[in-house]
Amino acid sequence: AQSVAQPEDQVNVAEGNPLTVKCTYSVSGNPYLFWYVQYPNRGLQFLLKYITGDNLVKGSYGFEAEFNKSQTSFHLKKPSALVSDSALYFCAVRDIPSGGSYIPTFGRGTSLIVHP
Amino acid sequence: DTGVSQNPRHKITKRGQNVTFRCDPISEHNRLYWYRQTLGQGPEFLTYFQNEAQLEKSRLLSDRFSAERPKGSFSTLEIQRTEQGDSAMYLCASRDRPNNEQFFGPGTRLTVL
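Summarised in this report is the structure supplied together with it.

### As for the overall build of chain B
Then, in step 1: Looking only at helices and strands, one finds 0 helices and 11 strands in chain B.
Then, in step 2: Helices and strands appear in chain B in the N-to-C order β-β-β-β-β-β-β-β-β-β-β.
Then, in step 3: Since a compact globule built from 113 residues should have a radius of gyration of about 13 Å, the 13 Å found for chain B is in line with a globular shape.
Then, in step 4: Projected onto its principal axes, the C-alpha coordinates of chain B cover approximately 40 × 25 × 25 Å.
Then, in step 5: Across the 113 residues in chain B, those meeting the buried criterion constitute 47%.
Then, in step 6: Counted over contacts in chain B with a minimum sequence separation of 6, partners at least 24 positions apart contribute 53%.
Then, in step 7: Accessible area of chain B: about 5700 Å², with a carbon and sulfur share of 44%.

### A look at the pattern of salt bridges
Then, in step 1: Under the definition given, this model contains 6 salt bridges over all chains.
Then, in step 2: Ionic pairing is found between Lys-49 of chain A and Glu-101 of chain B, a salt bridge with its closest N-O pair at 3.1 Å. Of this pair, Lys-49 of chain A sits in strand 6 (residues 44-50) while Glu-101 of chain B is found in the loop between strand 9 (88-95) and strand 10 (103-104), placing the two residues in two different chains.
Then, in step 3: When its relative accessible area of 14% is taken as the criterion, Glu-101 of chain B is described as buried.
Then, in step 4: In this structure, the salt-bridge partner of Glu-64 of chain A is Lys-58 of chain A, at a minimum N-O distance of 2.9 Å.
Then, in step 5: Residue Lys-58 of chain A is classed as exposed on the basis of its relative accessible area of 61%.
Then, in step 6: Connected via shared salt-bridge partners are Arg-64, Glu-83 and Asp-86 of chain B.

### Structural notes on the nonpolar core
All names here are of chain A.
Then, in step 1: One finds Trp-35, Leu-47, Leu-48, Phe-74, Leu-76 and Tyr-89 to be the most contacted residues of the largest nonpolar core, which totals 27 residues.
Then, in step 2: Of all the elements in the fold, those that place two or more residues in this core are strand 2 (10-14), strand 3 (19-21), strand 5 (31-38), strand 6, strand 8 (64-68), strand 9 (73-78), strand 10 (87-95) and strand 12 (110-115).
Then, in step 3: The element best represented in this core is strand 10, accounting for 4 residues.
Then, in step 4: Other than its neighbours up to four places away in sequence, Leu-48 contacts Leu-33, Phe-34, Trp-35, Val-57, Lys-58, Gly-59, Phe-63, Glu-64, Ala-65, Phe-74 and Leu-76.

### Quick look at the sheet that holds strand 8 (residues 75-79) of chain B
All names here are of chain B.
Then, in step 1: Taken together, 4 strands build an open sheet; the order of strands is 1-3-8-7 and the sheet is antiparallel. Among the strands making up the open sheet, the edge pair consists of strand 1 (5-7) and strand 7 (65-68). Strand-to-strand twist across the sheet, computed as the mean angle between neighbouring axes with direction ignored, equals 15°.
Then, in step 2: With 5 bridges connecting them, strand 3 (residues 19-24) and strand 8 associate as antiparallel partners. Bridge pairing links Val-19 to Ile-79 in strand 8.

### Some words on the side chain of Asp-85 of chain A
Residues and elements named next belong to chain A.
Then, in step 1: Counting through the fold element by element, Asp-85 comes out in the loop between strand 9 and strand 10.
Then, in step 2: Given the relative accessible area of 4%, Asp-85 is considered buried.
Then, in step 3: Setting aside anything within four residues of it in sequence, one finds Asp-85 in contact with Leu-19, Phe-63, Lys-78, Ser-80, Leu-112 and Val-114.

The rules behind the values
- Residues numbered from 1 in each chain as written.
- Chains lettered and ligands numbered in written order.
- Predicted model: local features only at pLDDT ≥ 70, side-chain atom pairs only at ≥ 80, totals over all residues.
- Heavy atoms only, no water.
- Helix = DSSP H or I, 4+ residues; strand = E, 2+ residues; numbered from the N terminus.
- Rg over C-alpha atoms; globule rule 2.2 N^0.38 Å.
- Buried < 20%, exposed > 50% of the residue type's maximum accessible area, 1.4 Å probe, protein only.
- Contact = heavy atoms within 4.5 Å.
- Areas by Shrake-Rupley, 256 points an atom, 1.4 Å probe, with all protein chains shown as cover.
- Salt bridge = Lys/Arg side-chain N within 4 Å of Asp/Glu carboxyl O.
- Core = buried A, V, L, I, M, F, W, Y, C linked by side-chain atoms within 4.5 Å.
- Pairing = 2+ DSSP bridges.
- Axes fitted to C-alpha atoms, helices over the stretch in contact; angles between N-to-C directions.

The structure is reproduced here in structure tokens:
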């Protein structure tokens, strides 16, 4: 079984400061990991993914995430937050067992609020 | 616009009525997904198509829910005898290959009175 946890319902950060949105996962095999962002009344937009390779993944809008297998984490980061980054962020995981499902599991989301 | 589109964007209906939503995926994507999202939750998987074949259905998909993708292009999700608990955002997503990301549509917000 696969699961993902976003331990913070809300993250507050001042504009210009670094931000981190946390995600931990559980899978039986190797994970595919994704981050999406959702603005009010909109669908989800893809930010970045980890499939294999370099543990530091760079994505859209200056976001990056670090895959940490020992801590089963995939935290989203940005060096300098913008007010326009304020949105809902979702982490998703898909297990890669042999013959497994292609359905990802999404976390509950973390609301990021960037203060001017 | 070559993204995923969904219609209608909003639907208000009375309890007991039937509703149907449509999703048009990105044209070269053969995989299509339906999700339901309620306030404070992430998307919850409902069903998955590869081409016209419905390959997986969630336990969330009760007998009142049915989805089709007759020609492997657009898909419809029908909810019969709607209940107030069906009020949610219904999201459609598509992708081409299994390890690629999903592209989401803007969603259909259903309100059941």
